[in-house]
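Tertiary structure, described
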Amino acid sequence: MKLWGGRFTKETNQLVHNFNASLSFDQKFYHQDIEGSIAHVTMLAKQGIISEEDRDKIIGGLNGICADLESGTLTITAEHEDIHSFVEAVLTERIGDAGKRLHTGRSRNDQVALDMKLYTRDEIDELTVLVKGLLKELLALMEKNLDTYMPGFTHLQKAQPITLAHHAGAYFEMFDRDYSRLLDIRKRMNYCPLGSGALAGTTYPLDREYTAKLLGFDGPTLNSMDSVADRDYLIELLSALSTISMHLSRFCEEIIIWNTNEYRFVEIDDSYSTGSSIMPQKKNPDIAELIRGKTGRVYGALISILTTMKGIPLAYNKDMQEDKELTFDAIDTVKGCLALFTGMISSMSFRKDIMELSAKNGFTNATDAADYLVNHGVPFRDAHGIVGQLVLFCIEKGIALDDMALEEYKAISPVFEEDIYDAISLKTCVEKRMTIGAPGQEAMKKVIEIYKRKMEE
Ligand code: ARG
């Protein structure tokens, strides 16, 4: 059944129908479509545009359709163009003429703008819960690992000692920004387009403030042309999802490296790993690799919608139907990745002993050895040169700075005394870094307190 058959004399070509139809994917928001229609008819009746009797029939019918779709007793069939046509057709079939009044003062343009917003808003709420779950997991990891020493890297070369808590804290910051980005988007998008009609509003005395309120919006949108043509909030969301994916991908990359036989900093739990069909020894980090790999499709969605929107004259154009599949896919992908990633890190074991050994054997305390000299009056540039000689000496002997004898130190610079060993121990190196944001325990504890308060908000 077509909503627009009146002015046509021929049947639609079957290929045209298939190409044009959106039912296969927009059925995803049947629930939101019905929710929007119920608010619409509630308002129509309040304004005296339809009778209370029709309103009750329509709402009863819509609730019945929703329940039947949920229980599976009603199935969506392909002859309908989109979910809006499907719902209206079934409604009219079930309740008769009253169903034909549902679309009074409404166009599919403002209807689809509303449905997509309602759907997206619900999904943003689910995404924020998932990001928050990950933040909680990271916070727990931080609290448990304030003295788990490990190398911090630059250029993937060991640089200075840090702790696992500090490393996890860097990701806490990233995902916390992601969290606030989602909340920002939700706030900015939360205005109701319903009542904008096809593009120029309607001649019916609609109460747009009222429908906006019924649907949990902060108010109605203020320009009917923009209302039906705006997909900025999807671009913002896909951008935020791209950033989340990028953060997950970076962490996965590290986990994949840490999980290698060469590093062995972590061991991914059996329940989150997979094997090889030919090599019996293998335990592969497939989940981390897949999350890293899926970043591509999320970026792809962002580029697609930006490109689709760039040439669209006001107001609604059918190009905009293309916003759906890619947005749905990106949302589902990121939700899946967040859930899997959180499960993977919560079940993963961290090898404290190996991390610590790696920090010790990587000259991560070389800066601190130079600082020791500076504290004993040696200019920094000279200290840098002296420690360079120490490192060279150690590389030749295959030992760490901590393993050099005092005489060997003194042979390179007489300034060194017995207290050098304490000055360059991993613990000292980390604990001396106590300005806010640094890995020292005292600094980290303050930051964790701030994070905890944030999480309770
Ligand atoms: N399926 C359409 C979409 O997703 C619904 C709006 C149709 N409006 C129209 N004027 N053809 O955009």
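What you see is a predicted model, and the numbers here were worked out from it, not measured in a lab.

A short note on the overall build of the protein chain
- A count of helices and strands for the protein chain gives 19 helices and four strands.
- On C-alpha atoms alone, the protein chain measures out to a radius of gyration of 31 Å, which is more than a quarter above the 23 Å that the 2.2 N^0.38 rule sets for 457 residues.
- Each principal axis of the C-alpha atoms in the protein chain carries an extent, and together these give about 100 × 50 × 40 Å.
- Taken across its 457 residues, the protein chain has 51% of its residues classed as buried.
- Sequence separation of 24 or more characterises 75% of the internal contacts of the protein chain that already satisfy a separation of 6 or more.
- Approximately 21,900 Å² of the protein chain is accessible, and the part contributed by carbon and sulfur atoms is 53%.
- Computed over 51 positive and 69 negative side-chain charges, the inter-centroid distance for the protein chain is 2 Å.

What about the side chain of Thr 295?
- Tracing the sequence through the fold places Thr 295 in helix H11 (residues 286-309).
- Of the polar contacts made by the side chain of Thr 295, one reaches the backbone oxygen of Ile 291; its length is 3.4 Å.
- Residues within four places of Thr 295 in sequence aside, it is in contact with Ser 245, Met 246 and Ser 249.

A few points about empty space enclosed by the protein
- Tallied over the full model, the rule gives one cavity of 30 Å³ or more.
- Of the voids in this model, the largest cavity is the one considered here, and its volume is about 30 Å³.
- If you go around the largest cavity, the residues you meet are Ser 245, Leu 248, Ile 291, Lys 294, Thr 295, Val 298, Thr 333 and Cys 337.
- Listed by contribution, the elements that provide at least two residues to the lining of the largest cavity are helix H10 (232-258), H11 and helix H12 (323-347).

Describing helix H14 (residues 366-375)
- Within the sequence span of H14, burial applies to Ala 366, Asp 368, Ala 369, Ala 370, Tyr 372 and Leu 373.
- Tucked into the core, H14 has its buried residues touching helix H15 (380-397), helix H17 (420-423) and helix H18 (426-431).
- Gly 377 sits one or two residues past H14 and shows a positive phi near 90°.

Some thoughts on the side chain of Thr 163
- Mapped onto the elements, Thr 163 comes out in strand E2 (residues 157-163).
- Classification of Thr 163 as buried rests on a relative accessible area of 0%.
- Among the polar contacts made by the side chain of Thr 163, one reaches the main-chain amide nitrogen of His 166 at a distance of 3.0 Å.
- Discounting chain neighbours no more than four positions away, the residues touching Thr 163 are Asn 145, Leu 146, Thr 148, Tyr 149, Met 150, Val 430 and Pro 439.

Details of helix H19 (residues 441-456)
- In a regular helix each residue adds 1.5 Å, so 16 residues correspond to 22 Å; H19 covers 22 Å between its end C-alpha atoms and thus fits that length.
- Listed in full, the buried residues belonging to H19 are Gln 441, Ala 443, Met 444, Val 447, Ile 448, Tyr 451 and Met 455. In an axial view of H19, the angular spread of the buried residues amounts to 145°, which keeps them on one side of the axis. Pointing more than 90 degrees away from the buried face of H19 are the exposed residues Lys 446, Arg 453 and Glu 456.
- Looking at the packing, one finds that the buried side of H19 touches helix H6 (108-144), helix H7 (164-189) and H18.

Thoughts on the site of the ligand
- Residues in contact with the ligand, as listed here, are Ser 22, Asp 82, Arg 108, Asn 109, Val 112, Tyr 316, Gln 321 and Lys 324.
- Ser 22 has a polar side-chain atom sitting 3.0 Å from a nitrogen atom of the ligand.
- Expressed as a share of its isolated accessible area of 340 Å², the protein-covered part of the ligand is 86%.
- With three residues, the top contributor of residues to the shell around the ligand is H6.
- For the shell around the ligand, a count of residues per class yields two nonpolar, three polar and three charged.

Conventions adopted
Residues numbered from 1 in each chain as written. Predicted model: local features only at pLDDT ≥ 70, side-chain atom pairs only at ≥ 80, totals over all residues. Heavy atoms only, no water. Helix = DSSP H or I, 4+ residues; strand = E, 2+ residues; numbered from the N terminus. Rg over C-alpha atoms; globule rule 2.2 N^0.38 Å. Buried < 20%, exposed > 50% of the residue type's maximum accessible area, 1.4 Å probe, protein only. Contact = heavy atoms within 4.5 Å. Areas by Shrake-Rupley, 256 points an atom, 1.4 Å probe, with all protein chains shown as cover. Lys, Arg positive; Asp, Glu negative; His and termini not counted. Charge placed at Lys NZ, Arg CZ, Asp CG, Glu CD. Polar contact = N/O pair within 3.5 Å; in protein donor to acceptor, adjacent residues only side chain to side chain. 1 Å grid on protein atoms, 1.4 Å probe; cavity = no way out; pocket = protein on both sides within 12 Å on 5 of 7 lines; lining within 4 Å. Points joined across faces, edges and corners; volume = space filled by probe spheres on them. Expected span 1.5 Å × (residues − 1). Arc of directions from axis to C-beta. Near = heavy atom within 4 Å. Nonpolar A, V, L, I, M, F, W, Y, C, P; charged D, E, K, R; others polar.

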